[in-house]
Amino acid sequence: MFVYEKKLQYPIRIKNTNPQLASFIISQYGGPDGELGASLRYLSQRYAMPYPELKAVLTDIGVEELGHLEMIGTLVHQLTRKLSPDDPRMGNFAPYFTDHGVGVYPVAASGSPWSADYIGVKGDVICDLTEDMAAEQKARVTYDNILRQSDDPDVSDVIRFLREREVVHFQRFGEAVRLAKEKMDQKNVYFTNPILDK
Ligand SMILES: [Fe+2]
């Protein structure tokens, strides 16, 4: 069960309308390395995770990613909420605006709608945790790319916070892989699936 707290993990107060920037940032809402995929990846992987402390890591990070999804949605909303169809700043946001107006919809910057193909849930400890490490690095690189394109310090400040959390998550999944390997070694099952390969 989830309990909702009506507050963002990090404050967001964007003053300027900037649909061009929103057209990049939407990728972290519904793109291949975005926050929707991150939350669903970890919150789905946790059911088959045999070690309670690692299940807790997946739950903890998965829930935080939901908070990040909310932050990205808020960024896109604040960047576009005052946009009118004839706004000369529309730029690359025009195709998105045609389909979704100023609504927040899970698509990649390239225009593809969110897909479960973006995430892996294998039911195998090492497969899932190493995927999670790669996913965190990919999210960090995407935030780096957004930072390079951002010309709004209010936006960059929020993106830097999110980028930093991806670095922390990468570290935590790295520790999780180490712990998982130690536990597998104890039972002499090495890096196989301890549920299936007794
Ligand atoms: Fe993350």
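Quick notes on the rules
The numbering scheme is per chain: residues are counted from 1 as the chain's sequence reads. Totals for whole chains, interfaces and linings use all residues, but because this is a predicted model, local features are given only for residues with pLDDT of at least 70 and pairs of side-chain atoms are given and counted only at 80 or more. Secondary structure is summarised from DSSP: a helix means a run of H or I of at least four residues, a strand means a run of E of at least two, and numbering begins at the N terminus for each. Field definition: a residue is buried when 20 or more other C-beta atoms are found within 10 Å of its C-beta, exposed when 12 or fewer are, and partly exposed for counts in between, with C-beta atoms placed from the backbone. Any pair of residues counts as being in contact when their C-beta atoms, constructed from backbone geometry, are within 7 Å of one another. UniProt positions are given in the numbering used here, feature names are shortened, and annotations may be inferred rather than shown by experiment. Axis lines are fitted through C-alpha atoms, for helices just across the contact stretch, and the angle between N-to-C directions can take any value from 0 to 180 degrees. Note that the term roughly parallel is reserved for angles under 35 degrees, roughly antiparallel for angles over 145, roughly perpendicular for angles of 65 to 115, and oblique for everything else. If you view the pair so one helix is near and one far, a crossing is left-handed when the near helix is turned anticlockwise from the far one by less than a right angle, and right-handed when it is turned clockwise. Amino acids outside the nonpolar list (Ala, Val, Leu, Ile, Met, Phe, Trp, Tyr, Cys, Pro) and the charged list (Asp, Glu, Lys, Arg) are all regarded as polar, and Gly is one of them.

## Structural notes on the overall build of the protein
(1) Moving on: Within the protein, the secondary structure is distributed over seven helices and zero strands.
(2) Moving on: Listed by position from the N terminus, the elements making up the protein come as α-α-α-α-α-α-α.
(3) Moving on: Across its three principal directions, the C-alpha atoms of the protein cover 65 × 35 × 30 Å.
(4) Moving on: Every one of the 198 residues in the protein was classed for burial, and the buried ones make up 34%.
(5) Moving on: Long-range contacts, defined here as pairs at least 24 residues apart, represent 76% of the contacts in the protein between residues at least 6 apart.

## Structural notes on the UniProt feature "binding site: Ca(2+)" (unreviewed entry) in the protein
(1) Moving on: Here, UniProt's "binding site: Ca(2+)" (unreviewed entry) annotation points to Asp-60.
(2) Moving on: Its location among the elements puts Asp-60 in helix α4 (residues 52-80).

## A short note on the packing of α4 against helix α7 (residues 153-186)
(1) Moving on: For the pair α4 and α7, the least separation of the axes is 11 Å and the interaxial angle reads 165 degrees. With respect to each other, α4 and α7 are oriented roughly antiparallel. Crossing handedness for the pair α4 and α7: left-handed. From α4, Leu-54, Val-57, Ile-61, His-68, Met-71 and Leu-75 reach across to α7, where they touch Val-155, Val-158, Leu-162, Arg-165, His-169, Arg-172, Ala-176, Leu-179 and Ala-180.
(2) Moving on: Across the contact of α4 with α7, the residue classes break down as 11 nonpolar, two polar and two charged.

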